[in-house]
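An overview of the molecular structure
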Amino acid sequence: MTTSATVGGGRLTERMTALVGEIRAVVDRGLPPELTAYLVGERLAPHLGDAELLTADQCEGDPARYRQHVLHAEGDGSFSVVALVWLPGQYTPIHDHVSWCVAGVHQGQESETRYRLVSDGRNAHLVETEHVVGPVGSVAAFAPPGDIHLVRNACSATAISLHVYGADVSRLGTSIRRVYRLPAGEQR
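The structure displayed is predicted, hence computed values, not measured ones.

**Some points on the overall build of the protein chain**
Summing up its helical and strand segments, the protein chain has 3 helices and 11 strands in all. Counted from the first residue to the last, the protein chain has its helices and strands arranged as β-α-α-β-β-β-β-β-β-β-β-β-α-β. Out of the 188 residues in the protein chain, the part that is buried amounts to 45%. Taking contacts inside the protein chain between residues at least 6 apart in sequence as the whole, the part at least 24 apart equals 79%. Accessible surface computed for the protein chain: about 9100 Å², of which carbon and sulfur atoms make up 50%.

Spelled out as structure tokens, the structure:
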């Protein structure tokens, strides 16, 4: 599944510019991915839900699929900040990521189903491990491996989440490393 991308190109709010600076200070420490994600999550959380974080254009959805707005990509490729806008019923495929990731709910609510890859040495399949509903202000931080999930807007209103990835999403086009088929016997 592809998403449309809008590059913020210097149109960041003061609040977003401040957040990018806070993220940069954490990333520049060169800590392990799990700790970096945790600390970036701590910096992101206080900004979530603030009406001055995003511009109106950065809150626009797409009726065909969830929409990705690339707000900032660090010049050295060390991180990107993305707003994902989800209209009701929109969802990702089951996927994992190219790098550590922090996701915070800015508006509405997101539902996330997490999976674990299980192998018997010859065959592999996914097992659902957890279902999490994230209201405004909730933050999830993770790093590969073990970051397989599906995210959806199961509400009747638009949801917006802020994602920080330890990669240059403006260059890659997406943070998704691999898409997985639905586990046998499971329905959406």
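Right, picking up where we left off after that structure.
**Details of the pattern of salt bridges**
Taken as a whole, this structure holds 8 salt bridges when the rule is applied. Note that R67 is salt-bridged to E60, the shortest N-O span being 3.8 Å. Of the residues examined, R67 reaches a relative accessible area of 17% and is grouped as buried. Three or more residues are tied together by salt bridges with common partners; here these are E112, R114 and E130.

**Here we look at the layout of surface pockets**
Volume-wise, the largest pocket comes out at about 180 Å³. Counting only elements with at least two residues in the lining of the largest pocket, the list comes to β5 (101-107), β6 (109-119), β7 (124-135), β8 (139-142) and β9 (148-152). Residues of the lining of the largest pocket, tallied by class, amount to 7 nonpolar, 5 polar and 3 charged.

**Notes on helix α2 (residues 33-44)**
Look at α2: 16 Å from first C-alpha to last across 12 residues, which is about the 16 Å you get at 1.5 Å a residue. T36, A37, L39, V40, G41 and L44 are the residues of α2 that are buried. Of the surrounding secondary structure, the elements contacted by the buried residues of α2 are α1 (14-27), β5, β8 and β10 (159-165).

**Let's talk about the nonpolar core**
Counting 24 residues, the largest nonpolar core has M16, V81, W100 and L162 as its most contacted members. Looking at this core, the elements with two or more residues in it are α1, α2, β3 (80-86) and β10. Per-element accounting of this core gives the leading share, 6 residues, to α1. Setting aside anything within four residues of it in sequence, one finds V81 in contact with M16, V20, I23, H69, V70, L71, H72, L162, H163 and V164. Judged by nonpolar contacts, the second largest core, of 12 residues, contains V70, L84, C101 and A159.

**Digging into the pairing of β5**
The element β5 is extensively covered by neighbouring structure, given that 6 of its 7 residues are classed as buried. Bridge count between β5 and β8: 4 bridges; the pairing is antiparallel. Considered in β8, the bridge of C101 is made with F142. For β5 and β10, the ladder comprises 6 bridges, and the chain directions are antiparallel. Following the sheet pairing, V105 is matched in β10 by S161.

The rules behind these values
- Along each chain, the written sequence defines residue order, and numbers are assigned to residues from 1.
- Given that this is a predicted model, residues contribute local features only at a pLDDT of at least 70 and side-chain atom pairs are listed and counted only at 80 or more, while totals for whole chains, interfaces and linings are drawn from all residues.
- Only hydrogens and water are removed before side-chain values are computed, so all heavy atoms of the structure are retained for them.
- Where helices and strands are cited, they refer to DSSP runs of H or I of at least four residues and of E of at least two residues respectively, numbered from the N terminus.
- Burial here depends on accessible area, computed with a 1.4 Å probe over protein chains only, as a share of the maximum for the residue type. Under 20% is buried, over 50% is exposed, and the range in between is partly exposed.
- The contact criterion used is simple: two residues touch if any of their non-hydrogen atoms lie within 4.5 Å.
- In this description, accessible areas are obtained by the Shrake-Rupley approach with a 1.4 Å probe, and a residue is regarded as covered only by the protein chains that are shown.
- By definition, a salt bridge exists where a carboxyl oxygen of Asp or Glu is found within 4 Å of a side-chain nitrogen of Lys or Arg.
- Site definitions follow a grid-based scheme: protein atoms alone, a 1 Å grid, a 1.4 Å probe that fits but cannot get out for cavities, and for pockets an open set with protein on both sides within 12 Å along at least five of seven lines, plus lining residues having an atom within 4 Å of a point.
- Grid points are joined across faces, edges and corners, and a volume is the space filled by probe spheres set on the points.
- We call Asp, Glu, Lys and Arg charged. Ala, Val, Leu, Ile, Met, Phe, Trp, Tyr, Cys and Pro are nonpolar, and the rest, Gly among them, are polar.
- What a helix should span is 1.5 Å times the count of its residues minus one.
- Each nonpolar core is a collection of buried residues, namely Ala, Val, Leu, Ile, Met, Phe, Trp, Tyr and Cys, held together in the definition by side-chain atoms within 4.5 Å.
- Pairs of strands are assigned from DSSP output, requiring at least two bridges between the strands.

Purely geometric stuff here, so don't read any function into it on its own.
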